[in-house]
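Each chain, letter by letter, is given below.
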Amino acid sequence: MASSAPPSTAPASNALAVKPGKPRVVIIGCGFGGLEAAKALSHAEVEIVVIDRTNHHLFQPLLYQVATAGLPAPAIAGPIRHILRKQIAKGNLTVLMGEVSSIDAASDCVVLDDGEHIHFDHLVLAAGATHSYFGRDDWAKYAPGLKTLGDAFSIRRRVLTAFERAERESDPVKREPWLTFAVVGAGPTGVEMAGTLAEIAQQTLSAEFRRIDSRMARVILLEGAPRVLGTFTEDLSQRAQEQLEMLGAEVLAGAKVANITAFGIHYDVMEKQPDGSSRAVSHFLPTRTVIWAAGVAASPLGKALAKSTGCELDRAGRVVVQPDLTIPGHPNIYVVGDLASAKSYEDPDNPTPVPGVSPGAKQMGRKAAFNILRRLKGQDTLAFRYFDYGSMATIGKRAAVAMIDIPFTKKRIRFSGFAAWLFWLFVHVYFLIGFRNRTVVMMDWAWAYFTSQRHARVFPDPHALEPHARVVRVDTPE
C-alpha cells in the first residue's frame, strides 16, 4: 500500500493535500479508460479525483463526423461534471480541469500546470494519445490530425474554406489545388474521412456553387502500405477500396509521403522500370487541404512517468505495463488506454497485444479499478484479459466493412456494404453517452441519409476568434 505521508513539496494550504480516512485514487484523463475507471470505483470506499485538461468527455469514433459537418460537437461530447454528477453528489468524487505537468512517484503525487500538488494512494493514468508525424512535426501546420474537438473544427474550416476559395478563383490552374483534398493514412479514420469528403463533394455541395462544380473535386487517400485497412482481412480491405472508389475517392497505396508543404504533398511510389526492376519514383500532388490520419503517439505524460519511475516505453512512447496494468516497482500506478502498451492474458502462455481501440481502453479502465479494489482488500491483482468484439469502418452512406467476433466462440463474421453500414450505425449510437446524444445523432443521420445534406457546415470567423490577428494570404509560387 502506498504511504499516506504527505509529500514535503506540497503546499500546506493545498485543499487536496493528504487527509486521513479513505484512500485516494487519482485518475488522469476522462476518455474511455478514465471514465470507466471512475464509474467502476464510484461505489467503493475511496476518494476519487478525476483530472482532465478539458471539461468534456469525447466520443472519438465519431469525431470525423464533426470535422466533416455531419454532426454538431455536443452530439458526441458531454460535460464531465454532468456525466459524473451522481458520483459527485455522493461526496466521494472531485473533478478538476487542469493539465498534469509531471508525476512525482517517489512522493505519490501529481503536479498540475499551476504547481499544485495532488497526493494519491493509487494512480490511474489514462491520458490517451496525440498525433505522430514520424519526426516531421513541421508538417502539422499543413496537415492537421484529428484527436480533439479543436482539431475537428480546424479541419471543418479548412475543408469548407477550400471550396469557397475555389469559387473565388478564376484561373482553372490555380483553382485545382483548392479542389484537391488529400488524406494521409488509410486506417479506419483515414478511410472514413476520405469517403465522407467524397460524399460532400459529390452530393452535399453539388448544387450550391455557381462558378465551380464541386463534383469535379478530387479526394485522394494516400497509404504507405500495400492496401487500405491493413488490420482487416484482405477481402474486406479490397471491398473497402472498391466502395471508396465508387464514392469518387482515389486510393494511392504504396505511396510514402516525403514532404508536405503549403502547396501540396511530395510522395514516392515504387514503379516498375522497362528493364523489369523497380525503383522509387517521386511525385507531387498540388493540394491546399491535407488531413493527417497516419500516425499516433502516446501522450507526453508517458515520458514524464518514465522520467519519474524508470518504466519502459515502446517506440510510440507508450508505457509498457505488467499483466495487471501496473508498472514495475510501483504497484499503485496503473496505465490504461492508448497510453499503455498492454497485452491480453486470455492465454497466459501466449499473451497478445491489445489494439488501441475504445473497447480496449474501456476494459482496461474497468480492470484497473477492479485491481485497485482487490489490493485494498489485501488480495492479489489479476492479469488483464481483452475481449475482442471485432472491428468496423464506415466508408460512406450505405458503405462499410465489419469483422465481428462471436462471444465465447472462435468464429468471426465478415461482411460489408449496406448491412455492415447499418450495424456500424447501431453500435455507435448504442455506445454514445446519454439519451439526448443518441436522439440527436439518429435524427441528424436520418436527415442526412434522405437529403444528403450536412447542416453543421458553420465555423467561427477567424477574425472573431483573433480580432487583432492579420490575415496573411499565401499565393502559389510562380
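Just so you know, the residues in each chain are numbered from 1, in the order the chain's sequence is written. Per-residue local features of the predicted model are confined to residues with pLDDT of at least 70, and side-chain atom pairs are confined, for both listing and counting, to 80 or more; whole-chain, interface and lining totals are unaffected and use all residues. Side-chain numbers here rest on the full set of heavy atoms in the structure, without hydrogens or water.

Peer 1: An account of the overall build of the chain is requested, with residue identities and associated values reported.
Peer 2: Helix and strand assignments follow DSSP, with helices taken as H or I runs no shorter than four residues and strands as E runs no shorter than two, numbered in order from the N terminus. Tallying secondary structure elements over the chain gives 13 helices and 27 strands in all. This radius of gyration counts C-alpha atoms alone. The globule rule is 2.2 Å times how many residues there are, raised to the power 0.38. Taken against the 2.2 N^0.38 rule, which gives 23 Å for 478 residues, the C-alpha radius of gyration of the chain at 24 Å falls within 12% of a compact globule. When its C-alpha atoms are laid out on the principal axes, the chain stretches across 70 × 60 × 50 Å. Only protein chains enter the area calculation, which uses a 1.4 Å probe; residues under 20% of their type maximum are buried, those over 50% are exposed, and those in between are partly exposed. Per-residue burial over the chain gives 48% buried out of 478 residues. The contact criterion used throughout is that any non-hydrogen atoms of two residues lie within 4.5 Å. For the chain, restricting intrachain contacts to residue pairs at least 6 apart in sequence, the fraction spanning at least 24 positions comes to 62%.

Peer 1: Tell me about the pattern of salt bridges, and name the residues and values.
Peer 2: For this analysis, a salt bridge means a side-chain nitrogen from Lys or Arg found within 4 Å of a carboxyl oxygen belonging to Asp or Glu. According to the stated counting rule, one finds 13 salt bridges in the structure shown. Across the salt bridge formed by arginine 24 and glutamate 47, the nearest N and O atoms sit 3.4 Å from each other. With arginine 24 in strand S1 (residues 24-28) and glutamate 47 in strand S2 (residues 47-52), this residue pair connects regions lying 23 residues apart in the sequence. Connected through shared salt-bridge partners, Asp388, Asp405 and Arg412 make up one network.

Peer 1: Describe the side chain of lysine 147, naming the residues involved and giving the relevant values.
Peer 2: Locating lysine 147 in the fold gives a position in the loop between strand S10 (129-131) and helix H5 (149-168). One buried charged residue, lysine 147, forms no salt bridge at all, with the nearest opposite charge on aspartate 338 at 4.9 Å. Not counting chain neighbours up to four residues away, the residues in contact with lysine 147 comprise Leu58, Gln60, Leu63, Ala129, Thr130, His131 and Val296. Only four residue types enter the charge count: Lys and Arg as positive, Asp and Glu as negative, with His and the chain ends excluded.

Peer 1: Tell me what's going on with the pairing of strand S26 (residues 399-405), and back it up with residues and numbers.
Peer 2: For S26, the tally of buried residues reaches seven of seven residues, placing the bulk of the element in the interior. Both faces of S26 are covered, namely the face carrying Ala399, Val401, Met403 and Asp405 and the face carrying Ala400, Ala402 and Ile404. One ladder, built from six bridges, connects strand S25 (residues 390-396) with S26; its direction is antiparallel. In the sheet register, threonine 394 faces S26, and the bridge partner there is alanine 400. Count of turn residues in the S25/S26 antiparallel hairpin: two residues, of which arginine 398 carries a positive phi of about 70°. Where S26 lies against strand S27 (residues 412-416), five bridges are found, and the strand directions are antiparallel. Within S27, the position partnered with methionine 403 by the bridge is arginine 414. DSSP calls a pair of strands paired once it identifies at least 2 bridges connecting them.

Peer 1: Now, about the sheet that holds S26: what can you tell me, with residues and values included?
Peer 2: Two pairing modes exist for strands in a sheet, parallel and antiparallel, and in both the strands are linked by backbone hydrogen bonds. The antiparallel open sheet is built from three strands, whose spatial order is S25-S26-S27. One side of each edge strand has no neighbouring strand; the edge strands of this open sheet are S25 and S27. Averaged over neighbouring strand pairs, the angle between their axes works out to 5° when direction is ignored. Of the strands in this sheet, S25, S26 and S27 touch helix H11 (residues 418-431), which is tilted by about 110° from S25. Axis angles are defined between N-to-C directions and span 0 to 180 degrees, where every axis is a line fitted to C-alpha atoms and, for a helix, only to the segment in contact.

Peer 1: How would you summarise unusual backbone geometry if you had to cite specific residues and measurements?
Peer 2: Even without a glycine there, the phi angle at aspartate 108 is positive, about 55°. Topologically, aspartate 108 is positioned in the loop between strand S6 (100-104) and strand S7 (109-112). Its identity as a non-glycine residue notwithstanding, arginine 398 has a phi of 70°, on the positive side. Counting through the fold element by element, arginine 398 comes out in the loop between S25 and S26.

Peer 1: Provide a residue-level description of the sheet that holds strand S9 (residues 122-125), including the pertinent values.
Peer 2: Taken in spatial order, the six strands line up as S5-S2-S1-S9-S21-S20 in an open sheet, and their pairing is mixed. Sheet topology places strand S5 (93-97) and strand S20 (326-327) at the edges, where each strand pairs with a single neighbour. With five bridges joining them, S1 and S2 adopt parallel strand pairing. Counterpart to arginine 24 in the pairing with S2 is glutamate 47.

Peer 1: Could you give an account of helix H7 (residues 188-204), with specific residues and numbers?
Peer 2: One less than the residue count of a helix, multiplied by 1.5 Å, gives the span that helix is expected to have. For H7, which comprises 17 residues, the first-to-last C-alpha distance of 22 Å matches the rise-based estimate of 24 Å (1.5 Å per residue) to within 8%. Counting buried positions along H7 gives 13 out of 17 residues, so the element sits mostly inside the fold.

Peer 1: With reference to specific residues and values, describe the packing of aromatic side chains.
Peer 2: Two rings from Phe, Tyr or Trp (for Trp, the six-membered ring) form a pair when their centres sit within 6.5 Å of each other. Planes less than 30 degrees apart are called stacked, planes more than 60 degrees apart edge-to-face, and all others tilted. Considering all chains together, one arrives at ten aromatic pairs under this definition. Here the aromatic cluster, defined as three or more aromatic residues joined through ring pairs, consists of Tyr133, Phe134, Trp139 and Trp292. Here the basic side chain of arginine 398 rests over the ring of phenylalanine 418, its NZ or CZ set 4.2 Å away from the ring centre. Only when the NZ atom of a Lys or the CZ atom of an Arg is both within 6 Å of the ring centre and within 35 degrees of the ring normal do we say a charge sits over the ring.

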